[in-house]
Amino acid sequence: MLFQRTAIARRRPPALVDKLSAAESFIRQFAAENPESAGNPEQRWRQVRRAVESSGTYEHTPEELTFGARVAWRNAARCIGRLYWRSLVVRDLRQLRHPDEIAEQCFEHLRQATNGGRIRPVVSVFAPDRPGRPAARLLGEQLVRYADDPLSRRRLALARELGWKGGKEEFDVLPLLVQSAPERAPSWYELPEDTVLEVPLRHPEHAGFAGLGLRWYAVPAVSDMTLEIGGVSYPAAPFNGWYMGTEIGSRNLGDADRYDLLPSVAALFELDTASDRSLWRDRALVELNRAVLHSFQEAGVTMADHHTESTRFLSHIERERRSGRPVPADWSWIVPPLSGSATAVFHRSYDPPDEKLRPAFLRRPSEDPWATGS
């Protein structure tokens, strides 16, 4: 095999060699983990190799696509919810390239993922990049974002430049932006009402909390990452799990560079903010997180708490160890942003993240959605 790879490298461009190597690695991984459905892996590899050599790329079977997307979630070093990777619903939409079709299926993604509040993990995989023909991109971090979220400034400015007139009220939902080619202007689409389930935030004990007028959406569908499987890149592949409470309470609503609500919550609870030693921020953060967990539970919307999810992540690690697989994890993301040392994931180390591990969801520079990803 070493001689064969060396011979290939001498007579083929490096990019083609890399594509062949990535494809072969994935085809063999698929066969090893799916012996009952892989068929003849040597025959499949020869088929893939011929396709790459003649066209520069190849097409995954539906089974390969499903497996690759699920393993990309399994490999996500920043995700604490990977115990459920096998349950990911994979929607094969590779035949779609027009922005109108992509937008409609993004809306359908949200409907299926919302599932009446019983959130389902879903990924919708649109057309892949091909040599000399990049596929469409979704512009924005998530399918659902609020216009008044400081993190949305770039997307809000672009939407208004394209003609969107919204964003004048608190928690206005931004339109979906789809760009079919780097030289073409993005198209924008208002999200239909039945695609965005929102939860008004209430506190279990303080009735005045409702007066803050807070709410948050139910499905965190990430849309700015490229799914890479066996050397094939799918730049439009929005995916979601369900929220962990601290993502909303501690980060989205609590961070100073986001909604910065800790001072407002502290005032509501009449906390002493004259000194940091009163731990008013910590106390406000706990009450804000209590409100988020309480509200989602009362609304019947799936949400995990950070203590339960931490324990489940350790179960995931043990299950993967029994399968002979490492579990790369970024400690700074796995440990929750509230009561970190009180959770099960705090007091240990993890296999380090591997940037070369594939399949994977790859981040793209926010200023250039047409970059390859890393």
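Residues numbered from 1 in each chain as written. Predicted model: local features only at pLDDT ≥ 70, side-chain atom pairs only at ≥ 80, totals over all residues. Heavy atoms only, no water.

(A) Here's a closer look at the overall build of the chain. Across its full length, the chain holds 11 helices and 11 strands. For 374 residues, the compact-globule estimate of 2.2 N^0.38 gives 21 Å, and the chain sits close to it at 22 Å. Once the C-alpha set of the chain is aligned to its principal axes, its extents read approximately 75 × 50 × 35 Å. Of all 374 residues assigned to the chain, the portion counted as buried reaches 51%. Across the chain, the fraction of contacts at a sequence separation of at least 24, relative to all contacts at a separation of at least 6, is 68%. Accessible surface computed for the chain: about 17,900 Å², of which carbon and sulfur atoms make up 50%. The centroid of the 50 positive side-chain charges in the chain is displaced by 7 Å from the centroid of its 50 negative side-chain charges. (Helix = DSSP H or I, 4+ residues; strand = E, 2+ residues; numbered from the N terminus. Rg over C-alpha atoms; globule rule 2.2 N^0.38 Å. Buried < 20%, exposed > 50% of the residue type's maximum accessible area, 1.4 Å probe, protein only. Contact = heavy atoms within 4.5 Å. Areas by Shrake-Rupley, 256 points an atom, 1.4 Å probe, with all protein chains shown as cover. Lys, Arg positive; Asp, Glu negative; His and termini not counted. Charge placed at Lys NZ, Arg CZ, Asp CG, Glu CD.)

(B) Looking closely at unusual backbone geometry. Cis geometry marks the peptide bond from Arg358 to Pro359; its omega dihedral reads 0°. Its location among the elements puts Pro359 in the loop between helix H11 (331–334) and strand E11 (360–363). One non-glycine residue with positive phi stands out, namely Asn115, at about 50°. In this structure, Asn115 sits in the loop between helix H5 (99–114) and strand E2 (122–125). Of note in the backbone geometry, Glu270 takes a positive phi value of approximately 55° without being a glycine. With respect to the helices and strands, the residue Glu270 is situated in the loop between helix H8 (262–268) and helix H9 (280–299).

(C) Quick peek at the UniProt feature "domain: Nitric oxide synthase (NOS)" (unreviewed entry) in the chain. Within the UniProt annotation, "domain: Nitric oxide synthase (NOS)" (unreviewed entry) is assigned to residues 78–85. For residues 78–85, helix accounts for 0% and strand for 0%, while the C-alpha atoms at its two ends are 14 Å apart. (UniProt positions renumbered as here; feature names shortened; annotations may be inferred.)

(D) View of the sheet that holds strand E9 (residues 232–234). Strands sit in the order E9-E8-E11 across an open sheet of three strands; the sheet is antiparallel. Two strands in the sheet have a free side with no partner beyond their single neighbour: E9 and E11. With direction set aside, neighbouring strand axes in the sheet form an average angle of 35°. The sheet strands contacting helix H4 (residues 62–74) are strand E8 (225–229), E9 and E11, and the helix crosses E8 at an angle near 120°. (Pairing = 2+ DSSP bridges. Axes fitted to C-alpha atoms, helices over the stretch in contact; angles between N-to-C directions.)

(E) Broad picture of the environment of Trp73. Structurally, Trp73 is set in helix H4. C-alpha separation for the pair Trp73 and Ala360, spaced 287 residues apart in sequence, amounts to 7.0 Å. Setting aside residues no more than four positions away along its own chain, Trp73 makes contact with Cys79, Gly81, Arg82, Tyr84, Trp85, Leu88, Pro121 and Phe361.

(F) Representation of the pattern of salt bridges. Counted under the stated rule, the structure contains 24 salt bridges. Close ionic contact of Arg28 with Glu24 constitutes a salt bridge, the shortest N to O distance being 3.0 Å. Of this pair, Arg28 and Glu24 are both found in helix H2 (residues 14–33), four residues apart, which corresponds to roughly one turn of the helix. Measuring nitrogen to oxygen at the nearest pair gives 2.8 Å for the salt bridge that ties Asp92 to Arg94. (Salt bridge = Lys/Arg side-chain N within 4 Å of Asp/Glu carboxyl O.)

(G) Region of the structure containing the packing of aromatic side chains. The tally for this structure, following the rule as stated, stands at 14 aromatic pairs. For the pair Phe239 and Phe361, a centre-to-centre distance of 4.0 Å together with 25° between the ring planes defines the contact as stacked. Of the two residues, Phe239 is situated in strand E10 (residues 239–240) and Phe361 in strand E11; the sequence distance between them amounts to 122 residues. We note that Phe239, like Phe361, is buried. These aromatic residues form a ring-pair network of at least three members: Tyr146, Phe171, Trp216, Tyr217, Tyr243 and Tyr259. Between Arg74 and the ring centre of Trp85, over which it is positioned, the NZ or CZ distance is 4.7 Å. (Phe/Tyr/Trp six-rings, centres within 6.5 Å; stacked < 30°, edge-to-face > 60°. Lys NZ or Arg CZ within 6 Å of the ring centre and 35° of its normal.)

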